[in-house]
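Coordinate inspection notes
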Amino acid sequence: MEGAEWLEEVPEDTTVEKLKERCLKHCVPGSLEDPKTVTHHKLIHATSEKVLTDTKTVLEENIQDRDVLLLVRKRAPTLLPKMADVVAEEKRKQEQKAPDKDAILKATANLPARSVDRTVTHHNMRDFQTELRKILVSLIEVAQKLLALNPDAVELFKKANAMLDEDEEDRVDEIALRQLTEMGFPESRAVKALRLNHMSVTQAMEWLIEHADDPSVDAPLPGQAPAETPAEGAASSAEAAAGPSSEEGGEEAKDELTEIFKKIRRKREFRPDPRAVIALMEMGFDEKEVVDALRVNNNQQNAACEWLLGDRKPSPEDLDKGIDTNSPLFQAILENPVVQLGLTNPKTLLAFEDMLENPLNSTQWMNDPETGPVMLQISRIFQTLNRT
């Protein structure tokens, strides 16, 4: 609706960025003092409707004499809503939702049946933990693709990788720790119990009661890796941060993201419970099959023992298979606004990776204000679609 028209003469070796700067002098005088002004505008070839690339020359973009170009301001990116607002909106929708099949059957249980032949088929609920693993495998792929589209993706994952370089032994679930200290257990002893039991409050409490009279109960944990020095941490972060400049294009950035993803995955590798490994190996099982059993059964010793003595289903290879992406369950999860917002957060990807290999850590992520709402929605959708 507004604007100006002028003729610009430039040699063929002029870059589009330089041409854009010259054009900006006509319509936004004095604006070049702010370097962001150039990046906030784009040149479009009027005939082909193609957005011109800043780093290419007039010749490379095949701009001919008397061609018409349009200089327009780029649209500002849409701000993502806050997680609290999305959760509140989703809660409001849940409250306004029509009653499900269970609620209808319960409310009409005392009414006379109009059809004596009508039968209600009852199906067993599928194991949520088994399905959750498949869901996480597929959601990780979606999250990686979404985050890779973010212009700040490399920077975001450098920070995420640096977070993982911190000594994990120094991080304790504060909510779980508070629950144990409120029961009367000493803080240092509660911290040790939580670390030994993958932040599970129930298992930590059982350990504390079992070892209450143990003279070595307050001894530090053996075999802990020494904390990384600041210099080492900086070196690790620098290694993750090393990458191509923005001028080298999107392919190099994509390769750098792939490398960071690999580093994150390596740092989240499955850690078998050492006490369970020793106990099962004493029964005569080989170490590799013991680790496989614990990985399949979420570090649960009794379940791992049953798996070793049984048909060994599912197999370790089955753990890497995702859910059918065309299934109603997965589609419902992807359509949930809380999940959609969560998938744009690198922390959610880290949570998925961690829970995939260390399911007992899920308590930490369920209590996290950023990842907890996402996990809650996944659980609700699963229960709703599998309820009979």
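This text follows the structure it describes.
A brief look at the structure comes next. Residue positions within a chain follow its written sequence, with the count starting from 1. Only residues with pLDDT of at least 70 are given local features in this predicted model, and only at 80 or more are side-chain atom pairs given and counted; all residues enter the totals for whole chains, interfaces and linings. The side-chain numbers reported here are obtained from all heavy atoms of the structure, hydrogens and water having been left aside.

**Looking at the overall build of the protein**
- Labels follow the DSSP assignment, with helices taken as runs of H or I lasting at least four residues and strands as runs of E lasting at least two, numbered in each case from the N terminus. Check the secondary structure of the protein and you find 19 helices and 3 strands.
- Expressed as a percentage of the 388 residues in the protein, the buried residues total 35%.
- Residue contacts are defined here by distance: any two heavy atoms, one from each residue, within 4.5 Å place the two residues in contact. Considering only contacts in the protein between residues 6 or more positions apart, those separated by 24 or more positions represent 64%.
- With residues, only the protein chains shown are counted as cover, and all accessible areas are computed by Shrake-Rupley using a 1.4 Å probe. With an accessible surface of roughly 24600 Å², the protein has 52% of that area assigned to carbon and sulfur atoms. Buried, partly exposed and exposed residues are distinguished by accessible area as a fraction of the type maximum, computed with a 1.4 Å probe on protein chains only: under 20%, between the cut-offs, and over 50%, respectively.

**Here's the deal with the nonpolar core**
- Nonpolar core, defined: a set of buried Ala, Val, Leu, Ile, Met, Phe, Trp, Tyr and Cys residues in which side-chain atoms within 4.5 Å join the residues together. Membership of the largest hydrophobic core comes to 29 residues, with the highest contact counts inside it found for Ile135, Leu139, Ile333, Phe352 and Ile378.
- Counting residues per element, the ones that place at least two in this core are α3 (83-96), α5 (128-148), α15 (328-335), α16 (337-342), α17 (346-357) and α19 (372-385).
- Sort the elements by how many residues they give to this core and α5 lands first, with 8 residues.
- Once you skip the residues sitting within four places of it in the chain, Ile378 turns out to touch Leu132, Ile135, Leu139, Ile333, Val339 and Phe352.
- By size, the runner-up hydrophobic cluster in this structure holds 14 residues, among which are Val191, Met199, Ala204 and Trp207.

**Thoughts on the sheet that holds strand β3 (residues 69-73)**
- Following DSSP output, two strands are said to pair if at least two bridges run between them. The strand order across the open sheet built from 3 strands is β2-β1-β3, with neighbouring strands paired in antiparallel fashion. Edge strands, defined here as strands with exactly one partner in the open sheet, are β2 (50-51) and β3.
- Relative to β3, strand β1 (residues 41-45) runs antiparallel, the two sharing 5 bridges. Across the sheet, residue His45 finds its bridge partner in β3, namely Leu69.

**Some remarks on helix α9 (residues 201-210)**
- By the burial criterion, the buried members of α9 are Val201, Ala204, Trp207 and Leu208. Considered in projection along α9, the buried side chains sweep an arc of 125° and stay on one side of the axis. Away from its buried face, by an angle of more than 90 degrees, α9 presents the exposed residues Ile209 and Glu210.
- Buried residues along α9 sit against α7 (174-182), α8 (187-196) and α12 (274-281). The directions considered for the arc run from the helix axis to the C-beta atoms.

**Description of the packing of α8 against α9**
- Axes, fitted as lines to C-alpha atoms, cover a helix only where it is in contact. Angles between the N-to-C directions of the axes lie from 0 to 180 degrees. The interhelical angle for the contact between α8 and α9, taken along N-to-C directions, is 120°, at an axis separation of 8 Å. Judged on the interaxial angle alone, α9 and α8 are oblique. Like other packed secondary-structure pairs, α8 and α9 cross with a definite hand, here right-handed. Within the contact between the two elements, α8 uses Arg189, Ala190, Lys192, Ala193, Leu194 and Leu196 and α9 uses Val201, Ala204, Trp207 and Leu208. Working definition: roughly parallel below 35 degrees, roughly antiparallel above 145 degrees, roughly perpendicular at 65 to 115 degrees, and oblique for all remaining angles. By convention the crossing between two helices is left-handed if the near helix lies anticlockwise of the far one by an angle smaller than a right angle, and right-handed if it lies clockwise.

**Here's the deal with the pattern of salt bridges**
- Whenever a carboxyl oxygen of Asp or Glu lies within 4 Å of a side-chain nitrogen of Lys or Arg, that contact is scored as a salt bridge. Applying the stated criterion across every chain yields a total of 10 salt bridges.
- Put simply, Arg22 and Glu8 hold a salt bridge, and the shortest N to O gap is 3.1 Å. Residue Arg22 is located in helix α1 (residues 16-27), and its partner Glu8 is located in the segment before α1; the two are separated by 14 residues in the primary sequence.
- Each of the salt bridges in this network shares a partner with another, and the network as a whole consists of Lys347, Asp368 and Glu370.

**Focus on α15**
- When we look at burial in α15, the residues that qualify are Leu329, Phe330 and Ile333. All buried residues of α15 project into a common sector of 95° when viewed along the axis, lining one side. Relative to its buried face, α15 has exposed residues pointing more than 90 degrees away, namely Pro328 and Glu335.

**Brief notes about the environment of Ala176**
- Looking at where Ala176 falls in the secondary structure, it is placed in helix α7.
- Accessibility expressed as a relative area gives 1% for Ala176, which makes it buried.
- Residues Ala176 and Ala204, spaced 28 residues apart in sequence, show a C-alpha to C-alpha distance of 9.4 Å.

**Focus on the environment of Met366**
- Turning to its location among the elements, Met366 is positioned in helix α18 (residues 362-366).
- Residue class for Met366 comes out partly exposed when judged on its relative accessible area of 38%.
- C-alpha separation for the pair Met366 and Leu376, spaced 10 residues apart in sequence, amounts to 7.5 Å.
- If near-sequence neighbours (up to four positions away) are discounted, Met366 is found in contact with Gly372, Met375 and Leu376.

**Remarks on the packing of α12 against helix α14 (residues 301-309)**
- It is at 10 Å that the axes of α12 and α14 come closest, and there the two elements cross at 35°. When you trace α12 past α14, the crossing you get is right-handed. Contacts from Ala276, Ala279 and Leu280 of α12 reach α14 at Gln301, Ala304, Cys305 and Leu308.
- Three classes are used, and their members are as follows: Ala, Val, Leu, Ile, Met, Phe, Trp, Tyr, Cys and Pro are nonpolar, Asp, Glu, Lys and Arg are charged, and the others, Gly among them, are polar. Among the residues making up the contact of α12 with α14, the classes are represented as 6 nonpolar, 1 polar and no charged.

**Some remarks on the pairing of β1**
- Across the 5 residues that make up β1, a large majority, 4, are buried.
- Examined bridge by bridge, β1 and β2 share 2 bridges and lie antiparallel to one another. What sits directly across from His45, in β2, is Lys50.
- Between the antiparallel neighbours β1 and β2 lie 4 residues, among them Glu49 with a positive phi of about 60°.

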